[in-house]
Structure formats: structure tokens, C-alpha cells
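Residue-level structural notes
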Amino acid sequence: GNSVTQMEGPVTLSEEAFLTINCTYTATGYPSLFWYVQYPGEGLQLLLKATKADDKGSNKGFEATYRKETTSFHLEKGSVQVSDSAVYFCALSGVSGSARQLTFGSGTQLTVLP
Amino acid sequence: GAVVSQHPSWVICKSGTSVKIECRSLDFQATTMFWYRQFPKQSLMLMATSNEGSKATYEQGVEKDKFLINHASLTLSTLTVTSAHPEDSSFYICSARDPQDINYGYTFGSGTRLTVV
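Since we're looking at a predicted model, the values are computed, not measured.

Moving on: the pattern of salt bridges. Pairing between side chains of opposite charge can happen when the charged atoms of each approach one another. Residue and element names in this part refer to chain B. Enumeration according to the criterion identifies five salt bridges over all chains in this entry. Linking Asp-88 and Lys-66 is a salt bridge whose minimum nitrogen-to-oxygen distance equals 2.7 Å. Of this pair, Asp-88 sits in the loop between β8 (76–81) and β9 (90–97) while Lys-66 sits in the loop between β6 (57–58) and β7 (67–73), and the two are 22 residues apart along the sequence. Taken individually, Asp-88 and Lys-66 each receive the classification buried, so the pair is uniform in this respect.

Taken residue by residue, the interface counts 21 residues in chain B and 19 residues in chain A. Carbon and sulfur atoms make up 54% of the surface buried where chain B meets chain A, a total of about 1500 Å² over both sides. At the boundary of chain B with chain A, the tally comes to zero salt bridges. Applying the counting criterion to the chain B and chain A interface returns four residue pairs in polar contact (both at pLDDT 80 or more). When contributions to the side of chain B that touches chain A are tallied by element, the ones reaching two or more residues are β4 (32–38), β5 (44–51), β9 and β10 (106–108) of chain B. Here the residues of the side of chain B that touches chain A sort into nine nonpolar, nine polar and three charged.

It is worth spelling out the sheet that holds β7(B) at this point. In any sheet, the strands associate via hydrogen bonds between backbone groups, in a parallel or an antiparallel arrangement. Residues and elements named next belong to chain B. Strand order in the open sheet formed by four strands is β1-β3-β8-β7, and the pairing between neighbours is antiparallel. The sheet is open, and its two borders are formed by β1 (4–7) and β7, each paired with just one other strand. When the angles between neighbouring strand axes are averaged without regard to direction, this sheet yields 15°. Sheet topology note: the strand β3 (residues 19–25)/β8 ladder contains six bridges and is antiparallel. Following the sheet pairing, Glu-22 is matched in β8 by Thr-78.

It is worth spelling out the packing of aromatic side chains at this point. Taken as a whole and judged by the stated rule, the model has twelve aromatic pairs over all chains. Taken together, a centroid distance of 6.1 Å and an interplanar angle of 85° make the contact between A:Phe89 and A:Phe104 edge-to-face. Here the residue A:Phe89 occupies a position in strand β10 (residues 86–93), and A:Phe104 occupies one in strand β11 (residues 102–104), the gap between them amounting to 15 residues. Of the two residues examined, A:Phe89 and A:Phe104, each falls in the buried class. Relative to B:Tyr36, the ring of A:Phe104 has its centre 5.6 Å away and its plane inclined at 85°; by these criteria the two rings are edge-to-face. Placement of the pair is A:Phe104 in strand β11 and B:Tyr36 in strand β4, with the two residues belonging to separate chains. Residue class for A:Phe104 comes out buried when judged on its relative accessible area of 11%. An aromatic cluster of three or more residues is present, and its members are A:Phe34, A:Tyr36, A:Phe89, A:Phe104, B:Phe34, B:Tyr36, B:Tyr106 and B:Phe108. Of note, A:Lys68 hangs over the ring of A:Tyr30, and the distance from its end group to the ring centre comes to 4.3 Å.

Reading guide: rules and limits
- Residues numbered from 1 in each chain as written.
- Chains lettered and ligands numbered in written order.
- Predicted model: local features only at pLDDT ≥ 70, side-chain atom pairs only at ≥ 80, totals over all residues.
- Heavy atoms only, no water.
- Salt bridge = Lys/Arg side-chain N within 4 Å of Asp/Glu carboxyl O.
- Helix = DSSP H or I, 4+ residues; strand = E, 2+ residues; numbered from the N terminus.
- Buried < 20%, exposed > 50% of the residue type's maximum accessible area, 1.4 Å probe, protein only.
- Contact = heavy atoms within 4.5 Å.
- Buried area = accessible area lost by both parts, 1.4 Å probe.
- Polar contact = N/O pair within 3.5 Å; in protein donor to acceptor, adjacent residues only side chain to side chain.
- Nonpolar A, V, L, I, M, F, W, Y, C, P; charged D, E, K, R; others polar.
- Pairing = 2+ DSSP bridges.
- Axes fitted to C-alpha atoms, helices over the stretch in contact; angles between N-to-C directions.
- Phe/Tyr/Trp six-rings, centres within 6.5 Å; stacked < 30°, edge-to-face > 60°.
- Lys NZ or Arg CZ within 6 Å of the ring centre and 35° of its normal.

Right, here's the structure in full:
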């Protein structure tokens, strides 16, 4: 079945530092890949997505590239801000039927210090 | 973009009572909605898939009689936690996918914090 392995946290960075959160996946076919962000006490918000190999998703300075050869979708940001402190989830969605439901990684808590 | 509204955002109830949580798609019709449970500092656990006009599909280990799901219309799914106990205290989140979004975008509600005392 589908699975997502995500870099364990927590991650603590200083403001303006470079961020990488690793994510690898196992799936059949060509899944869609997502990064979601969850702020304290809230639901999940879609941060970015990629639907085919070599696609790069980007939003709010965050980027992730769909790498089929390494089955990875690592999240990066060149300069983090305090407001980026949140939990980040990598997820995938299969191609059809029940596989379309989202499979989540374990989440990575990011804390950015001023 | 697609919006999913979840209500209430938090609820406190006594042991033995039932609690209903609503999930609405505001600007699209969702034939399928998903209910998740999240424990502190953990990932989301899919509880069930709610199907409009038919029975929900529950994940292994989730009690159907405990967590009643109704999806009576294309814009509303409800989760009822029956005879709640303290161990049911958790954060519950729903999501839906806009079928018009060809890129399989899922939208999440803001979550419901349930505390059973």
C-alpha cells in the first residue's frame, strides 16, 4: 500500500535560516504529492502540491520538487520566519478509487526563533 | 478556492452523552468527505470515508456504532460520537475534495477539539 516517511522533528531554527524537511514515499503508479501546514489548534492548509514527476510546487517561499527517481518530495525554504512555526505534513494521493484518499507522513514540528 | 466549514470548533461534554460534528463544503459539492482523528503531536488517522447517499466506509479498528457518520446531502457530512468517554477526547478534522479540481486538491475543515469530562 501507499506510505509516506517524513523527517522526524522537532526542528528548531533561527529566523532567516535555510529549511529542509525530508519526505519520501512508496506508492504504485504516479501519485500526487502534497505538503500541508497546521498551525496550533487549526485544521490543515494546503501549502503546495505537485501532480507529476519533475513538477515543482511552490508557495509563500516554500518549494518542493517531485522526484520520481528518488521517490522524494523534500520541502525547502531559503529563509524561514517566526510565522512559519507550525507542523508540516507530507502526503500523497493515489491515482484512483480508494487510493485517492490522502496518506500522511507523521508530521514535523518546526519552531523558528527570532 | 474550495472552502470546508467545520462546526463546532471546540466542545466539552459529559461522559455518556453524544456529540455531533458538522462538516460542510461551502462552494462545491462533495460526494465524498473524510473524517480524521488526531492525537496530540501525532499525525492524522483516517477514521472513515463518508459517501453521499450511502453508508460510510470505516477504517479497520474504528467502531461504526461509536462514530456514526451521515452524509445526507452533497454539502454536509456529520460525525456523531455516541456515548462519549474521556478516551474519545481528541481533535477531529474533516476534509473534502472538489471534483472540479483535476489536481486532486483536498480542503480541510478547521477541526473540532472534543473534550469529554
